[in-house]
Amino acid sequence: MKTWTSGMLAVSLAGHDKGTLYVVLTQGSGDATGQKEGASTPEERNASAYVLLADGKHRTLDHPKRKKAKHIQVITHIPEQICSLMREITQDAHVRKILKEYRAYQMEETIPGNEF
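From a predicted model like this one, the values you see are computed outputs, not experimental measurements.

**Student:** In this structure, what is going on with the overall build of the protein? I would like to understand it.
**Tutor:** Helices and strands together make up the secondary structure of the protein, namely three helices and five strands. Secondary structure elements of the protein, listed N to C terminal, follow the sequence β-β-α-β-β-β-α-α. Among the 116 residues that make up the protein, the fraction classed as buried is 33%. Here the protein displays about 7800 Å² of accessible surface, and carbon together with sulfur accounts for 50% of that area.

**Student:** Whenever I open this one, the nonpolar core confuses me. Can you help?
**Tutor:** Buried together is how nonpolar side chains tend to be arranged in soluble globular proteins. Ranked by size, the top nonpolar core spans 13 residues in total, and within it Leu-9, Ile-82, Ile-98 and Tyr-102 carry the most contacts. Taken together, the elements giving at least two residues each to this core come down to β2 (21–27), α2 (80–86) and α3 (92–110). Top contributing element to this core by residue count: α3, with five residues. Sequence-distant contacts of Tyr-102, that is, excluding residues within four places in its chain, are made with Leu-9, Leu-21, Ile-75, His-77 and Ile-82. Listed in part, the seven residues of the second largest apolar core include Ala-10, Val-24, Val-51 and Leu-53.

Reading the values: rules and limits
Residues numbered from 1 in each chain as written. Predicted model: local features only at pLDDT ≥ 70, side-chain atom pairs only at ≥ 80, totals over all residues. Heavy atoms only, no water. Helix = DSSP H or I, 4+ residues; strand = E, 2+ residues; numbered from the N terminus. Buried < 20%, exposed > 50% of the residue type's maximum accessible area, 1.4 Å probe, protein only. Areas by Shrake-Rupley, 256 points an atom, 1.4 Å probe, with all protein chains shown as cover. Core = buried A, V, L, I, M, F, W, Y, C linked by side-chain atoms within 4.5 Å. Contact = heavy atoms within 4.5 Å.

Structure below.
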């Protein structure tokens, strides 16, 4: 089973938000209590199948999006400058800045004729 850590970047693969870039906050049930030990119901056993996501604008740190892990794709290749920003996520502005920096990095990588 895959594990997601706080600060990873992910893209939504399914749903009305398909293609949206998010920052992963946590893995778990998405409620205040978290996953219970010795879960007995299918919902409790499957709680780790969910990931909490934020984009800093529509989905804030206070109200993150709860999405099934199989419906997101984690971005593994992240530049060091963005990784350093991810260590200090405490406000929605930090999330927006990380996503803005990553989008700018993506644009640099996809511009044709930029091979030196």
